[in-house]
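# What the coordinates show
Single-letter residue listing:
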Amino acid sequence: MSASKLWSCTETVLNGGIKLFLYSSKNTKLRVAIGEVPGPMVHGAVSFVTEADSDDGLPHTLEHLVFMGSKKYPFKGVLDVIANRCLADGTNAWTDTDHTAYTLSTVGSDGFLKVLPVYINHLLTPMLTASQFATEVHHITGEGNDAGVVYSEMQDHESEMESIMDRKTKEVIYPPFNPYAVDTGGRLKNLRESCTLEKVRDYHKKFYHLSNMVVTVCGMVDHDQVLEIMNNVENEHMSTVPDHFPKPFSFALSDIKESTVHRVECPTDDASRGAVEVAWFAHSPSDLETHSSLHVLFDYLSNTSVAPLQKDFILLEDPLASSVSFHIAEGVRCDLRLNFAGVPVEKLDECAPKFFDKTVREHLEEANFDMERMGYLIDQTILNELVKLETNAPKDIMSHIIGHQLFDNEDEELFKKRTNEIDFLKKLKSEPASYWVQLVNKYFTAPSATVIGVPNEELVDKIAEEEEKRIAAQCEKLGKKGLEEAGKSLEAAILENTANHPSAELLDQLIVKDLEAFDRFPVQSLTSNSPSLTPQQSTFLAQFPFHANLHNCPTKFVEIFFLLDSSNLSIEDRSYLFLYTDLLFESPAMIDGVLTSADDVAKHFTKDLIDHSIQVGVSGLYDRFVNLRIKVGADKYPLLAKWAQIFTQGVVFDPSRIHQCAQKLAGEARDRKRDGCTVASTAVASMVYGKNTNCILFDELVLEKLHEKISKDVMKNPEAVLEKLEQVRSALFSNGVNAHFVADVDSIDPKMLSSDLWTWVQADPRFGPGHQFSAEAGENVSLELGKELLIGVGGSESSFIYQTSFLDANWNSEELIPAMIFGQYLSQCEGPLWRAIRGDGLAYGANVFVKPDRKQITLSLYRCAQPAVAYERTRDIIRKIVESGEISKAEFEGAKRSTVFEMMKREGTVSGAAKISILNNFRQTPHPFNIDLCRRIWNLTSEEMVKIGGPPLARLFDEKCFVRSIAVHPSKLNEMKKAFPGSSKIKISDLQFAC
Ligand SMILES: [Zn+2]
């Protein structure tokens, strides 16, 4: 019998673009969704509804433990080993308030279908042993410290302002121990004291079974094959379905009775800024219309500089916040939040009252709604849904399926509604202003809970002291003997966890043996000199008075990457580049010869453009270029030229906008200063790149003081600042421009193609000749070898280390593939570093990255609980492998395949494939390069890897050959200085641009 006979099927089409099938088993409540997303990738998710009633973090703890091995495959990490061998990059998972989801992405469907049953076997029958619990969740080390993978992960969140405020809000609006109020990730005290293996086992039994499980597959897969696999899964696990499984989250929540305001103190090293959050209960989760409408309303209120919230709070002489945003979490009652970040302490009490008394009150009047802008916004929302079909369909599908699983009571009509939001959005366009007034009235005038996050510098030390005391007391209580025992039992646990290894026979069954021809997106990279252009292609390419590339591919949109070369900028000019780019979308401009206010400019681009952005670099590489990106529907092609002109030539700098932008940027820097990872990466960049480069100077953190200064200067002496910005503009234009177009050129009406659209470039004397730009790998790299920086960051309790050395290889070098695979071999899921560093709870991540475009090789130790030990162990492991050349054959095969996955993933969407095509121009690699690269990877031997890839890795630990940055909590500075005696202690301000 064909597998599909055992399933009933509901069919729909995601926003008119992608076919979506929802199969329901006739035997259990198991459901399988398949979305036919084109391209080489297959993405899958297995989701369970998970409800918790304590801060023990059972859902999160369980999420980690399922990866430790199943009863049938009792080997730690075997799942990731198999995933790597089947062209995936390991597995992933997340725990949310109401569900836990496990994901897997592969290139091609062969690998996916091989891993899926093994994955599900782990989910339904994990081992859940005491020794796994010890290493993965929590244990006490021989030194008396608390550790464990989950424990160190949560350490980073516990004292974040955001977490503290969220906890407070939940405490106020939900009853105690309500599933929406508890911390599903786990509080530290609970992880230490009350989370137990027994509880995790019971939790697993209660929630992880076929009747609470949905499998989602997105990609080009054979439905029958998937369903047959799922039939086997069902037969094998039918007996674990509980007789009685009451539907989770079957409770009602009462209204917030009255509005209240609460203050919470949060540890931070920046006592000048806090945050404010307002919470309401909104609609029921099956009211999908209100859900969509609220999102549009939030967009209207907060997006772009015309938006009321930006005007009321951010774009002011004296801003009340650096950012304002809305969030809505679906739930039994949807939980609506309004968040003000970067609020000056003296204004903490003003935010919520101003929101209610001004923003809300004004929007209770129909006349105050700009319905023209609302119409543009809805059109844009619809277009964005269509864009997502090309760029991010799997994520969209998974979130719809999980929403359906959680809230729709298996109602198929709701499923169809969820997946066809565009139908509703189209109707929404005809709603009058009164509709929006009624929405504001219903949700924003209802009782709310306001939580004010008050920054407190002293708390940082106080918490550190308390933690020291607690550890000291813990050590004392354990005594010498107890500590020894703790150390021994940890060792025993590690030993037990890693004792079993899968047999060669088993591994041999679970591998993709042939490099298949993946279902790739075709991209033709063309210039006017390309041979055999079609008439339409050649008409298209003949339009431009500068070098232009067409990346012709199947898309419904036209996108331009308008590149400017910043190499003529002086260091002073360059320090203004960040502000310059930020002003492009927030300033008045000349449109068709008329000076147009910033608000009207924003309104117009909302109408005309699907997307626009400005950044340095092409896909984050080759940072010398400033990249203005604009995207429109194919029917609006001429608007690309219009807006490229407005955003370059047309922008008129305005002192009050400059003042606001500079203030906002300084505010954002203050937030970034609290993030250890950001600080460590800014610090390492300061030692890697030349001073006058975008890699250093295009960084808000570095420019904080300058932005503060500009915001003051521009009020006193606007002329000087305006002159500076004009200087930046002229210097940027002086090298001319290049353009890369991503389009299906046949979808553009030939009547719209005209060189007249682009004459403005020629007519402006500031533009230099637009010859073809070229770039070199490793430009601007100038390593201050041997330098080490150590910085205290009060915002997070974890530590971050970056160590970088020079790699003499670009994309065409012989050394590249061996070094790259070696890096992957060491860092991959369940590889040597993963096992020894993450597995032992020393750090959340230990990775070696080989970056040929930057000619660098970097070690990153991410979120370390014990930074010094993590570093030493990483170094010793890598040295030992490089020196001995002892390589696990199975892991080597996995590393090659997961690298192929990485390469192909970048062309997983049509826009990704086009971006690779653009990069190929700068990498001087042939097109299509990835096919050749994958073959070279596939054919590499482990001997070649060690022989050619080993030396660059060895250099990464040669003291004369690297630079290193370390960001730690201030309380750990002395300890780290001892561990890294060569490091210089600096302050964040030392990294900042002197002005
Ligand atoms: Zn986790």
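Please refer to the structure higher up on the page.
Our subject in this report is the structure included herewith.

Calculation criteria
- Residues numbered from 1 in each chain as written.
- Predicted model: local features only at pLDDT ≥ 70, side-chain atom pairs only at ≥ 80, totals over all residues.
- Heavy atoms only, no water.
- Donors = N, O, S within 2.8 Å, 3.2 Å for Na, K, Ca; no water.
- Tetrahedral: all angles 85-135°; square planar, octahedral: opposite > 155°, others 65-115°.
- Helix = DSSP H or I, 4+ residues; strand = E, 2+ residues; numbered from the N terminus.
- Buried < 20%, exposed > 50% of the residue type's maximum accessible area, 1.4 Å probe, protein only.
- Salt bridge = Lys/Arg side-chain N within 4 Å of Asp/Glu carboxyl O.
- Core = buried A, V, L, I, M, F, W, Y, C linked by side-chain atoms within 4.5 Å.
- Contact = heavy atoms within 4.5 Å.
- Phe/Tyr/Trp six-rings, centres within 6.5 Å; stacked < 30°, edge-to-face > 60°.
- Lys NZ or Arg CZ within 6 Å of the ring centre and 35° of its normal.

Here we come to the coordination of the zinc ion. Distances from the zinc ion to its protein donors, His60 (NE2), His64 (NE2), Glu153 (OE) and Glu153 (OE), fall at 2.0 to 2.7 Å. Note that the zinc ion binds 4 donor atoms; their angles at the metal cover 53 to 150°, and the shape is irregular. Ordering the donors of the zinc ion by residue number gives the pattern H-x3-H-x88-E. Of this pair, histidine 60 and histidine 64 both sit in helix α1 (residues 58-65), separated by 4 residues, roughly a single helical turn. Judged by relative accessible area, histidine 60 falls into the buried class, the value being 4%. Taking the relative accessible area as the measure of exposure, histidine 64 reaches 5% and is therefore buried.

For the rest of this paragraph, the subject is the pattern of salt bridges. Counted by the stated rule, this structure contains 59 salt bridges. Notably, a salt bridge pairs lysine 642 with aspartate 608, separated by 3.5 Å at the nearest N-O pair. Linking lysine 642 in helix α24 (residues 638-650) with aspartate 608 in helix α23 (residues 598-608), this pair joins segments that are 34 residues apart in sequence. Under the relative-accessibility criterion, aspartate 608 is labelled buried at 8%. For glutamate 891, the salt bridge goes to arginine 835, with nearest N and O atoms at 2.8 Å. Placement of glutamate 891 in helix α34 (residues 889-905) and of arginine 835 in helix α32 (residues 832-838) is noted, with a sequence separation of 56 residues between them. With relative accessibility at 15%, the residue glutamate 891 sits in the buried group. A network of salt bridges, in which partner residues are shared, links Asp166, Lys170, Glu277, Asp335 and Arg337.

So, on to the nonpolar core. Core analysis: the largest hydrophobic core is formed by 123 residues, its most contacted members being Met213 and Met230. Here this core gets 9 residues from one element, more than from any other, and that element is helix α3 (residues 109-124). Methionine 213 has contacts with Leu30, Arg31, Val46, Ser47, Phe48, Ile120, Leu124, Met230 and Gln405, leaving out every residue within four places of it along the chain. Counting 99 residues, the second largest nonpolar core, distinct from the first, contains Val728, Trp758, Ile791 and Phe993.

Moving on, we get to the packing of aromatic side chains. Summed over the entire model, instances satisfying the criterion amount to 51 aromatic pairs. Within the aromatic cluster, the residues linked to one another by ring pairs are Phe540, Phe544, Phe546, Phe562, Tyr637, Phe733, Phe741, Trp758, Trp760 and Phe767. Above the plane of the ring of tyrosine 300 lies arginine 373, whose end atom (NZ or CZ) is 4.6 Å from the centre. Over the face of the ring belonging to tryptophan 938 we find arginine 897, whose NZ or CZ atom lies 4.4 Å from the ring centre.

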